[in-house]
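Breakdown of the fold
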Amino acid sequence: MLKKIYFKSLLLFIFIIPLSAYALMVGPTCPPFCSPPQDSEKYPVIILPGILGSWNLDLMISDILPNKWSFPPKVHTYNDLIQALENAGYEKDKDLFIGFYDWRQSNEESAQEYLIPVIDKAKQVSGKDKVDIIAHSMGGLVARSYIQSPDYRNDVNRLIMLGTPNIGSADAYLIWEGAQLPEDWSPIIKNIFNIYLDLVLVTYSQPGPLPIQYVTKTEIIQNQIPSLKELLPVYNFLIDKQTGNTIGYKFLSTVNTFLDNLNNTLPLLTSRTNVITISGNNIPTLEKIQVKSRSFLDELQKKWIDGKPDPNPPLKDTNQGDNRVILSSSQIDNAVRQIVLNQGKHDRLPTIAQREVVEILTGERPVAYFDTPDPESVISWTVASPADIEVITPNGDIINKNSQPSYSSYISETNPLGVKVIIIENPQKGDYQIKLTGIGDGGKYHLFTNFANEKTISLESESIIKGNILPNEKISYQTSLLLDNTQKDKVAVDTVKLTLQTLQKNLNKYWKKGKISKLSTYFKLKSILKHIETLEKVKEELEEKSQNMHPLAKSKLEKQIQKIDKSISKQYNKFIKEVERQRGKSIDEGAADLLTDQAEYLAQK
């Protein structure tokens, strides 16, 4: 059986809402701005995240420890809602629970394997016979799968859905058929999704005993993440650009039978529990997509079988939505209440709707409002190998398994020889030092560098490096991050192995940027590196010459090579001493840190 290697993380479709948003409550029993009668009994609350809202690195990589769940690192989507509920008197693991689930598998499986057990736990711990569920985005479909199933046990008092795509989301088409993330998706979610796909691609593209080898990320998505298929629209959302004709969704290569079946039994939902929908509105949202025939390259990459968006990214064509889900999709007929939050973006709905949620649950509207912003951009490094990883930032901060500044995270498998990830939110531009140290028996490694902001749409890593590492061997890389803050789409990320040439480029760069202020200092350091370059060329020539020599002559040549190695080491030490002598004088502190660190590494090679 094919081993699953998902990120048991929840790929949530998160959709955001500003503080200026206001709520408009509509429904047959509640005119605008009124509060319907509240239940006198307080039930335990379960929060169901959206897609990519759960994290389980061990399960994703090695299919072990399935209960080791958390929110993805640096994802703050649910922090504010949780804090608001705690402020209202709820307590984690007593009457407040998080329903983590495997967002990759079908929603019906998630309901059976994850939601039912957490409902049972909530009832057992609280002593109540029912629960209230707050479901964000795809989490609402997990809840509906349970409530509308034959296995329902009449134990959900209320279902509060935040931006749930009940008739799908056109954004899902971009990911499902083109392996393309929506342009303004949350940067941290983009980054985590890319990490997952990179690791799956590496695992399944290698020759070996696995029955399937994936070549493209489109194949990974369509074979490993069936839940994405269950987000495809069940309305006619594609338009043939050449003819202007609408393409019926039931004639596409992939039809979302899950949502069709769920909506055919919709009366079961509203008859079995009290449904409240909270929707975002007045945000440009994708409802329909103009498509053209795919290219030959698309066909080779197995993309856009039902048509390639044109333009691409497609234009948001309606304001009736939350920038992920159109308004008619996030609402439910015969709901007890339908709340619309103007200017409410999908990713931020759990934050923006916190007062409405607390009021629904308790009958009292809170005064306090909690707001933790998600990062505007994210950079990460992932090493899939028997190696430890350390990152040194442009300002000298060290990030590793023992040290993580508040803006960073270090995550690893339980297996010490497994995958490690370092994530930095809102990274500063500049040069990052990446240090790998071989552990165990060493072996083959892959190093991925990913950067994401709102503008990035590609699922391809900016950098993928392959190599071999020996036990205790140290290998250094440098990632240069260039950001144009005025134009978020102008980003350059480059990861290269640390060499003398890298050090020379950094010296020249720091001189041009004014981080080395004296010309005499710059020329002295440049001269030392030029001397090292000459010595290395002589060494290379001697090594090449020695390959076909008689053993006696070769022995003499090797002694010469050893002398050159010592001379090279002395020159690096001379370089380091000069940098330290000028530190804080003619050389900026941050530049001095990087130059000495790189020279020390190269001196040991």
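Here's what I pulled together on the structure shown here.

Rules behind the numbers
- Residues numbered from 1 in each chain as written.
- Predicted model: local features only at pLDDT ≥ 70, side-chain atom pairs only at ≥ 80, totals over all residues.
- Heavy atoms only, no water.
- Helix = DSSP H or I, 4+ residues; strand = E, 2+ residues; numbered from the N terminus.
- Buried < 20%, exposed > 50% of the residue type's maximum accessible area, 1.4 Å probe, protein only.
- Contact = heavy atoms within 4.5 Å.
- Areas by Shrake-Rupley, 256 points an atom, 1.4 Å probe, with all protein chains shown as cover.
- Salt bridge = Lys/Arg side-chain N within 4 Å of Asp/Glu carboxyl O.
- Core = buried A, V, L, I, M, F, W, Y, C linked by side-chain atoms within 4.5 Å.
- Expected span 1.5 Å × (residues − 1).
- 1 Å grid on protein atoms, 1.4 Å probe; cavity = no way out; pocket = protein on both sides within 12 Å on 5 of 7 lines; lining within 4 Å.
- Points joined across faces, edges and corners; volume = space filled by probe spheres on them.
- Nonpolar A, V, L, I, M, F, W, Y, C, P; charged D, E, K, R; others polar.
- Phe/Tyr/Trp six-rings, centres within 6.5 Å; stacked < 30°, edge-to-face > 60°.
- Pairing = 2+ DSSP bridges.
- Axes fitted to C-alpha atoms, helices over the stretch in contact; angles between N-to-C directions.
- Parallel < 35°, antiparallel > 145°, perpendicular 65-115°, else oblique.
- Patch = residues over 30% accessible without salt bridge, like charges linked within 9 Å, V, L, I, M, F, W, Y side chains within 5 Å.
- Lys, Arg positive; Asp, Glu negative; His and termini not counted.
- Charge placed at Lys NZ, Arg CZ, Asp CG, Glu CD.

Regarding its fold elements, the chain presents 18 helices and 23 strands. Across the 605 residues that make up the chain, the buried fraction comes to 56%. A fraction of 76% describes how many contacts in the chain between residues 6 or more apart in sequence connect residues 24 or more apart. When the accessible surface of the chain is summed, it comes to about 25700 Å², and 50% of that surface belongs to carbon and sulfur atoms.

Attention now goes to the pattern of salt bridges. For the structure shown, the criterion picks out 30 salt bridges. Where Lys 530 meets Glu 533, a salt bridge forms, and the shortest distance between an N and an O atom there is 3.4 Å. Highlighted residues: Lys 530 and Glu 533, both in helix 16 (residues 519-546), separated by three residues, approximately one helical turn. With a relative accessible area of 18%, Glu 533 lands in the buried category. A salt bridge links Arg 581 to Glu 578, with the shortest nitrogen-to-oxygen separation between them at 3.0 Å. Highlighted residues: Arg 581 and Glu 578, both in helix 17 (residues 551-582), separated by three residues, approximately one helical turn. Among the charged side chains, a salt-bridge network with shared partners connects Asp 120, Lys 123, Arg 153 and Asp 155.

With that settled, consider the nonpolar core. Among the nonpolar cores identified, the biggest contains 112 residues, and Ile 47, Leu 85, Ile 133, Ile 134 and Phe 193 are the most heavily contacted of them. The greatest single-element share of this core, amounting to 11 residues, is contributed by helix 6 (residues 187-204). When neighbours within four sequence positions are excluded, Ile 47 is seen to be in contact with Tyr 78, Leu 81, Ile 82, Leu 85, Leu 96, Phe 97, Ile 98, Gly 99 and Ile 134. The next biggest cluster of nonpolar side chains, apart from the first, holds 52 residues, and it includes Phe 451, Tyr 510, Leu 529 and Leu 542.

We now examine helix 17. When the terminal C-alpha atoms of helix 17 are compared, their 47 Å separation across 32 residues agrees well with the 46 Å that a helix rising 1.5 Å per residue should span. Its buried side turned inward, helix 17 meets helix 15 (500-512), helix 16 and helix 18 (589-604). Gly 584 lies just past helix 17 and shows a positive phi near 75°.

Right, let's talk about empty space enclosed by the protein for a bit. If you walk through the whole model with that rule in mind, you get three cavities of 30 Å³ or more. Counted as a void, the largest cavity has a volume near 60 Å³. Lining the largest cavity are Tyr 173, Trp 176, Glu 177, Leu 232, Pro 233, Phe 237, Tyr 249, Leu 252, Thr 254, Val 255, Asn 256 and Asp 306. Its residues placed into classes, the lining of the largest cavity shows eight nonpolar, two polar and two charged.

Note on aromatic pairs: each is described by the distance of the centres and the angle between the planes. According to the stated counting rule, one finds 13 aromatic pairs in the structure shown. Between Phe 71 and Phe 100 the ring centres are 5.0 Å apart and the planes differ by 70°, which places this aromatic pair in the edge-to-face class. Of this pair, Phe 71 sits in the loop between helix 1 (57-62) and helix 2 (79-87) while Phe 100 sits in the loop between strand 4 (96-98) and helix 3 (107-126), and the two are 29 residues apart along the sequence. Each member of the pair Phe 71 and Phe 100 is classed as buried. Here a set of aromatic residues connected by ring pairs shows up, and it is made of Trp 103, Trp 185, Phe 193 and Tyr 196.

A word on the pairing of strand 3 (residues 45-48). In strand 3, alternate side chains face the same way, and those of Val 45 and Ile 47 on one face and Ile 46 and Leu 48 on the other are all buried. Where strand 3 meets strand 4, three bridges bridge the pair, whose relative direction is parallel. Across the sheet, Val 45 pairs through a bridge with Leu 96, a residue of strand 4. As paired strands, strand 3 and strand 5 (residues 131-136) are joined by four bridges and run parallel to one another. By the bridge assignment for strand 5, Leu 48 is matched with Ala 135.

So, on to the sheet that holds strand 7 (residues 238-240). Hydrogen bonds along the backbone pair up the strands of a sheet, which may run parallel or antiparallel. Taken in spatial order, the four strands make up an open sheet running 8-7-10-11, and their pairing is mixed. The open sheet has two edge strands, strand 8 (246-247) and strand 11 (308-309), and neither has a second partner. Where strand 10 (residues 289-292) meets strand 11, two bridges bridge the pair, whose relative direction is antiparallel. Each bridged residue has a counterpart across the sheet, and for Val 291 the counterpart in strand 11 is Pro 309.

Glancing now at the environment of Ile 528. Position of Ile 528 among the secondary structure elements: in helix 16. By relative accessible area, which is 4% here, Ile 528 ends up buried. Sequence-wise, Ile 528 and Glu 578 are 50 residues apart; in three dimensions their C-alpha atoms are separated by 9.9 Å. Dropping the residues within four chain positions of it, Ile 528 is found in contact with Gln 571, Lys 574 and Phe 575.

Each packed pair of helices is defined by two parameters, the angle between the axes and the distance between the axes. Between helix 5 (residues 171-178) and helix 7 (residues 217-224), the shortest axis-to-axis distance is 7 Å and the interhelical angle comes to 115°. Of the possible angle classes, the one that applies to helix 5 and helix 7 is roughly perpendicular. Of the residues in helix 7, those in contact with Ile 175, Trp 176, Glu 177 and Gly 178 of helix 5 are Thr 218, Ile 221 and Gln 222.

As a further point, take a negative patch on the surface. On the surface, Glu 540, Glu 541, Glu 543 and Glu 544 cluster together to form a negatively charged patch. Take Glu 540: it is sitting in helix 16.

A word on the environment of Thr 502. Within the secondary structure, Thr 502 sits in helix 15. Expressed as a C-alpha distance, the spacing of Thr 502 and Gln 598, which sit 96 residues apart in the sequence, is 9.0 Å. Setting aside chain neighbours within four positions, we find Thr 502 in contact with Gln 478, Val 496 and Lys 497.

Glancing now at helix 9 (residues 257-264). Looking at helix 9, one finds that the buried residues are Phe 258, Leu 259, Asp 260 and Leu 262. Among the structural elements, helix 3, helix 4 (139-147) and helix 10 (266-272) are those in contact with the buried residues of helix 9.

Another aspect to go through is unusual backbone geometry. Glycine aside, residues mostly have negative phi, and peptide bonds are mostly found in the trans state. The linkage connecting Asp 310 with the following residue, Pro 311, adopts the cis geometry, with an omega of 5°. Tracing the backbone shows Pro 311 in the loop between strand 11 and helix 12 (327-330). Here the bond from Asn 312 into Pro 313 is cis, since omega is 5°, no more than 30 degrees from zero. One non-glycine residue, Asp 93, lies in the positive phi region at around 65°. Its place among the elements puts Asp 93 in the loop between helix 2 and strand 4.

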